[in-house]
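# Report on the structure
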Amino acid sequence: MNLLQKFKETLLSVVPIMAIVLFLGLTFAPLGKDLILRFLVGGVLLILGLTVFLLGVDIGILPIGERSGAALTAKRNLPLLLGVAFLIGVMVTIAEPDVQVLADQIKGVSSSVNKWVLIFMIAFGVGLFVMIGLLRTVLSLSLRWVLIISYLLVFVLAFLCPDTFQGLAFDAGGATTGPMTVPFIMALGVGVAAVRSSKADNNDSFGLTGIASVGPVAAVCVYGLLLKLTSASTSSANTLPSELSDEAEKLAEGISEPLEQGLGIFIDLIPETLTEVSIALLPLVLMFALFQIFLLKMPPMQIRRMIVGLVYSFIGLVIFLIGVNGGFMPAGRALGEILGGYAFAKGGWWILLLVVVGLVFGAVVVCAEPAVWVLTEQVESVSGGTIKRKVMLLALSSGVAIAIALSMLRVFYRFSLWYILIPGYALSLLLTFFCPKLFMGIAFDSGGVASGPMTSTFILSFTLGAAIACGGNPVTDAFGVIALVAMTPLIAIQILGIIFRIKGGKA
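An account of the accompanying structure is given in this report. Keep in mind it's a predicted model, so treat the numbers as computed, not measured.

Here helix H12 (residues 264–296) is 33 residues long and its end C-alpha atoms lie 45 Å apart, about the 48 Å a rise of 1.5 Å per residue gives. For H12, the principal kink sits at isoleucine 270 and spans about 40°; a proline, proline 271, occurs within the next four residues.

Before going further, it helps to spend a moment on helix H7 (residues 163–176). With 14 residues, H7 should cover 20 Å at 1.5 Å per step; its first-to-last C-alpha distance of 21 Å lies within 8% of that length. Counting buried positions along H7 gives 13 out of 14 residues, so the element sits mostly inside the fold.

Turning our eyes to something else, we now look at unusual backbone geometry. With a phi angle near 55°, serine 140 is a residue other than glycine that sits in the positive phi range. For serine 140, a relative accessible area of 43% translates into the label partly exposed. Non-glycine residue arginine 414 carries a positive phi angle of around 60°. Tracing the sequence through the fold places arginine 414 in the loop between helix H16 (389–413) and helix H17 (418–431). Since its relative accessible area comes to 40%, arginine 414 is described here as partly exposed.

Looking now at empty space enclosed by the protein. Picture a little ball the size of a water molecule; that probe, rolled over the atoms, points out where space is still empty. Considering all chains together, one arrives at one cavity of 30 Å³ or more under this definition. What lines the largest cavity is a set of 14 residues, and nearest its centre among them are Tyr151, Gly173, Ser213, Tyr425 and Ala486. For the lining of the largest cavity, the secondary structure elements donating two or more residues are H7, helix H18 (437–449) and helix H21 (481–502). Of the residues in the lining of the largest cavity, the class split is eight nonpolar, six polar and no charged.

As a further point, take the state of the cysteines. Joining two cysteines, a disulfide is a covalent bond between their sulfur atoms. Applying the stated rule across the entire model yields zero disulfides. Cysteine 161 takes part in no disulfide bond, and the closest cysteine sulfur to it belongs to cysteine 221, at a distance of 4.0 Å.

This brings us to a nonpolar patch on the surface. On the surface, a cluster of nonpolar side chains totalling about 450 Å² of accessible area is made up of Leu4, Phe7, Leu11, Val15, Val44 and Leu48. Taken together, the elements giving at least two residues each to the nonpolar patch come down to helix H1 (2–26) and helix H2 (33–74). The element contributing the most residues to the nonpolar patch is H1, with four residues. With respect to the element layout, phenylalanine 7 can be found in helix H1. With a relative accessible area of 30%, phenylalanine 7 lands in the partly exposed category.

Where two aromatic rings form a pair, the distance of their centres and the angle of their planes describe that pair. Under the definition given, this model contains 24 aromatic pairs. Summarising the aromatic geometry, the rings of phenylalanine 155 and tyrosine 425 are spaced 5.7 Å apart at their centres and angled 70° between planes, so their arrangement reads as edge-to-face. Residue phenylalanine 155 is located in helix H6 (residues 143–160), and its partner tyrosine 425 is located in helix H17; the two are separated by 270 residues in the primary sequence. Residues phenylalanine 155 and tyrosine 425 agree in their burial class; the two are buried. Each ring, one from phenylalanine 439 and one from phenylalanine 500, has its centre 5.4 Å from the other, and the planes form 40°; the classification is tilted. Residue phenylalanine 439 is located in helix H18, and its partner phenylalanine 500 is located in helix H21; the two are separated by 61 residues in the primary sequence. For phenylalanine 439, a relative accessible area of 0% puts it in the buried group. By relative accessible area, phenylalanine 500 is classed as buried at 16%. One aromatic cluster in this structure is built from Tyr151, Phe155, Phe159, Phe170, Trp418, Tyr425 and Phe444. It is arginine 144 that lies over the ring of phenylalanine 433; its NZ or CZ is 4.9 Å from the centre.

Let us look at the nonpolar core. Membership of the largest hydrophobic core comes to 168 residues, with the highest contact counts inside it found for Phe170, Leu284, Leu335, Phe361 and Phe458. Counting residues per element, this core draws most heavily on helix H13 (residues 300–346), which supplies 15 residues. Once residues lying within four places of it in the same chain are set aside, the contact partners of leucine 284 are Ile61, Met91, Val92, Ala95 and Met180.

Turning our attention to the environment of leucine 427. Its place among the elements puts leucine 427 in helix H17. Taking the C-alpha atoms as reference points, leucine 427 and isoleucine 491, separated by 64 residues in sequence, lie 7.2 Å from one another.

Cut-offs applied
Starting from 1, residues in each chain are numbered consecutively following that chain's sequence as written. Confidence filtering applies because this is a predicted model: local features only for residues at pLDDT of at least 70, side-chain atom pairs given and counted only at 80 or more, and all residues used for totals across whole chains, interfaces and linings. Heavy atoms throughout the structure, all of them, feed into the side-chain values; hydrogens and water do not. Segments assigned H or I by DSSP are reported as helices when at least four residues long, segments assigned E as strands when at least two residues long, and all are numbered from the N terminus. By definition here, a helix of n residues has an expected span of 1.5 Å times n minus one. The angle separating two fitted axes, one through the seven residues that finish at a residue and one through the seven that start at it, defines the bend at that residue. Any residue under 20% of the maximum accessible area for its type is buried, any over 50% is exposed, and the rest in between are partly exposed; the area is computed with a 1.4 Å probe on protein chains only. Two kinds of site are reported from a 1 Å grid over the protein atoms alone, namely cavities, where a 1.4 Å probe fits but cannot get out, and pockets, open sets with protein on both sides within 12 Å along at least five of seven lines, and residues are called lining when an atom falls within 4 Å of a point. Grid points are joined across faces, edges and corners, and a volume is the space filled by probe spheres set on the points. Polar here means any residue outside two lists: the nonpolar Ala, Val, Leu, Ile, Met, Phe, Trp, Tyr, Cys and Pro, and the charged Asp, Glu, Lys and Arg; Gly therefore counts as polar. Note on terminology: pairs of cysteine sulfur atoms within 2.5 Å are recorded as disulfides. A patch consists of residues exposed above 30% relative accessible area that lack any salt bridge, with like charges linked at up to 9 Å and nonpolar side chains (Val, Leu, Ile, Met, Phe, Trp, Tyr) linked at up to 5 Å. Computed with the Shrake-Rupley method and a 1.4 Å probe, the accessible areas treat only the protein chains shown as cover for residues. Note on definitions: salt bridges are taken to be side-chain nitrogens of Lys or Arg within 4 Å of carboxyl oxygens of Asp or Glu. Planes of paired rings set the category: under 30 degrees apart is stacked, over 60 is edge-to-face and the rest tilted, where pairs are Phe, Tyr or Trp rings (Trp by its six-membered ring) whose centres lie within 6.5 Å. To sit over a ring, a charge needs its Lys NZ or Arg CZ within 6 Å of the ring centre and within 35 degrees of the ring normal. We define the nonpolar core as a collection of buried residues of types Ala, Val, Leu, Ile, Met, Phe, Trp, Tyr and Cys that are connected through side-chain atoms lying within 4.5 Å of one another. Residue contacts are counted whenever heavy atoms from the two residues lie within 4.5 Å of one another.

So, in structure tokens, the structure goes:
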């Protein structure tokens, strides 16, 4: 029954995106029969893979997070708790499908970025800030000031790092909090809060995911600074990631060979995907084994359940990535190329169509994220029904729709990402002084969960295609869309909280 429920959730998530793409691919932006067929097969694989993966997470991974958090807190050893929290953050991030997809996207357009170095830097950032987030919970520190200080540090690092890393960094912060990381971090936080329930209140139930999403931004900025230092003697670091890969150069020249490989591409992807998923999940398996030996000591039945969950997660992640890389992302990229090319060549209402399509995708995509449903359900439960799921979804949908519409305008007119990020985050942090504490935590968690698999796969591919077609640099013009998707919910949910306060709602 749990499998059927997961299948329904995933189906409702992906089908609206597929329906919009099919409509556009058969009318305004003809994609061709072969690519549409690949997109449909990729969509089916994505649905099946994500369903099996989420089931595995529920069965074998979430219980480990809750038990680990509770067991570590019960030992009343703060250094042990923080050290293991760091390790958990690193391991689950390496296994996060959204991070794998983002790294592949970056690798596809930049020959200067090493995929696995980037993944490990992102994982280190998540681990560090999960540790900071749990320290805040244990010591009952102000979420507002932890966030303000963290974002001030991030913006300083972003200004110092090469320009071409700024969009990548903020995108990493949004992509990291996906279907693996979010549930595990939430479960770990619940486990810690459960042990200290006499001290905690609902205001401490949210915010850990929001804090964790800051870490990857800082880590990627540091990676950019390191590349800048190591390359200073040979070339300008600010142009390093703008060296396009062979595939991106072919796309920029209008060569569509990568899109004409037929359904055989799915079979060709199997060996590489199996290897990458094995590498990604192996550290997580080793960590669970150590936890069982030294910390949890679960009975054999629970161990078998955990193993079954890990097997499901492995199989689901393999199917998910094959579907994404074989059909879903190529179709998104091609659709972006066609609409972006029309807008660039003809202007007029084609520009408006590009923006409207972005608006529609934004409104739909947030409801397509599994982690959003997890969060809204938890919010409705913790608030005692005061904060309705439908109201949350409406606020999130409005914010994300505006974010992707702005991204389409940025792709076409090529204005700086800072024109949106700086006032956006300044407003987000300013609203924390007026917003109820519970809504503040929910808002910053929402920013992370709104940018999940659909955003990292389809929306980013669509934006990359549009940027290439408009004659821009995809690294500087396209990357940043996930960052905007992650930012707008911070504003929308806090405004919702202020409205509830004005109306006298006791959240």
